[in-house]
Amino acid sequence: MIRVAGTNDAELIAEMSRQTFYDTFAVYNSKENMDLFMNNSFSTEALMKEVREPGNIFLLAYDNEKPVGYARMRENNNPPQLGDLPAIEIARIYSLTASIGKGIGKMLMQHCIAMAKERNNKAVWLGVWEQNQRAIDFYIQWGFVKFGDHVFMLGNDPQNDWLMKKIIA
């Protein structure tokens, strides 16, 4: 089941955000850079604030009654490379480690695309670390194509993210 999250879900989303990000990226990055990022950009307080900010849409995925993943969509944050194309960003799409491969990402992506269409967007876009091949392969399967790059700061480490888009209309 997928449902739109409300502000009362902020703590749950913050907890899942921290767990999924750490589980996914800690093995590839230094402890110092992970700690710096987790304590600043991904603090519980910062993540809970995101849930309450206008223009952020969070979707929660459940397996029976247990939350197992989430997606964050963000309006009004399009990169210049998209020009005037009406688009919405899929800022995050994560599953708990134990749920990877169980279709959670697929369900979240389906809901993100449906919501983007409902909001009259012509495209969805995202940024993905160029070294996260599993995620890149997932997005390619969904029809996303690379259209640019940008720098993502993980602590003090500038990392290159691919910008990928999917035309939906």
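Right above here is the structure, for reference.
Figured I'd write up the structure that's included with this text. Per chain, residue numbering runs from 1 following the sequence as it is written. For a predicted model such as this one, the threshold for reporting local features is a pLDDT of at least 70, and the threshold for listing and counting side-chain atom pairs is 80 or more; totals across whole chains, interfaces and linings nevertheless cover every residue. Hydrogens and waters are ignored; side-chain quantities use all the structure's heavy atoms.

Turning to the side chain of Ser 95, a few remarks are in order. The way it works is that DSSP assigns letters per residue, a run of H or I at least four long becomes a helix, a run of E at least two long becomes a strand, and they are numbered from the N terminus. Along the chain, Ser 95 falls in strand 4 (residues 87-95). For this analysis, residues touch if any pair of their heavy atoms sits within 4.5 Å. Sequence-distant contacts of Ser 95, defined by excluding residues within four places in its chain, comprise Thr 20, Val 68, Gly 69, Ile 100, Ile 104 and Gly 105.

Before going further, it helps to spend a moment on the layout of surface pockets. Looking at the largest pocket, its volume works out to about 980 Å³. Here a cavity denotes a set of grid points, spaced 1 Å apart and computed over the protein atoms alone, in which a 1.4 Å probe fits but from which it cannot get out, and a pocket denotes an open set meeting protein on both sides within 12 Å along at least five of seven lines; residues with an atom within 4 Å of a point are reported as lining. In terms of lining residues, the largest pocket is bounded by 41 residues, among which Phe 25, Arg 92, Ile 93, Tyr 94 and Tyr 139 are the most central. Of all elements in the fold, only helix 1 (10-25), strand 3 (66-74), strand 4, helix 4 (104-118), strand 5 (123-129), helix 5 (133-141), strand 6 (145-154) and strand 7 (157-167) reach the threshold of two or more residues within the lining of the largest pocket. Ranked by residue count, the leading element in the lining of the largest pocket is strand 4, at seven residues. Only Asp, Glu, Lys and Arg are considered charged in this grouping, and only Ala, Val, Leu, Ile, Met, Phe, Trp, Tyr, Cys and Pro are considered nonpolar; every other residue, Gly among them, is considered polar. A breakdown of the residues in the lining of the largest pocket according to their chemical character gives 20 nonpolar, 12 polar and nine charged. Grid points are joined across faces, edges and corners, and a volume is the space filled by probe spheres set on the points.

It is worth spelling out the sheet that holds strand 6 at this point. Two orientations exist for strands paired in a sheet by backbone hydrogen bonds: parallel and antiparallel. Think of it this way: DSSP has to see at least two bridges between two strands before they count as a pair. Ordered in space as 1-2-3-4-5-7-6, the seven strands form an open sheet in which the pairing is mixed. Edge positions in the open sheet fall to strand 1 (2-4) and strand 6, since each of these has one partner strand only. Across the sheet, the axes of successive neighbouring strands diverge by a mean angle of 30°, strand direction being ignored. For strand 4 and strand 5, the ladder comprises three bridges, and the chain directions are parallel. Axis geometry follows a simple rule: fit a line to the C-alpha atoms, using only the stretch in contact for helices, then measure angles between N-to-C directions, giving values from 0 to 180 degrees.

On to helix 3 (residues 44-52), then. For the α-helix, the turn length of 3.6 residues means that residues three or four positions removed from each other point alike. Among all positions in helix 3, only Leu 47, Met 48, Glu 50 and Val 51 are buried. Along the long axis of helix 3, the arc covered by the buried residues comes to 150°, so they all point the same way. Away from the buried face of helix 3 by more than 90 degrees, exposed residues Glu 45 and Lys 49 are located. If you follow the buried residues of helix 3, they end up packed against helix 1, strand 2 (56-63), strand 3 and strand 4. For every residue, the accessible area obtained with a 1.4 Å probe (protein chains only) is divided by the maximum for its type, and the residue is called buried under 20%, exposed over 50%, and partly exposed between those limits. This arc is built from the directions going out from the helix axis to the C-beta atoms.

Core analysis: the biggest nonpolar cluster contains 27 residues, and Ile 90, Leu 108, Met 109, Val 124, Tyr 139 and Phe 144 have the highest contact counts within it. Breaking this core down by element, the ones donating at least two residues are strand 2, strand 3, strand 4, helix 4, strand 5 and helix 5. When residues in this core are grouped by element, the largest group, seven residues, is from helix 4. Filtering out sequence-adjacent residues up to four positions away, Phe 144 remains in contact with Ile 90, Met 109, Val 124, Trp 125, Leu 126, Tyr 139, Met 164, Lys 165 and Lys 166. Here, nonpolar core means buried Ala, Val, Leu, Ile, Met, Phe, Trp, Tyr and Cys residues that are tied together by side-chain atoms lying within 4.5 Å of each other. Core analysis: the next-biggest nonpolar cluster, separate from the first, contains 23 residues, Ala 14, Met 16, Phe 42 and Phe 58 among them.

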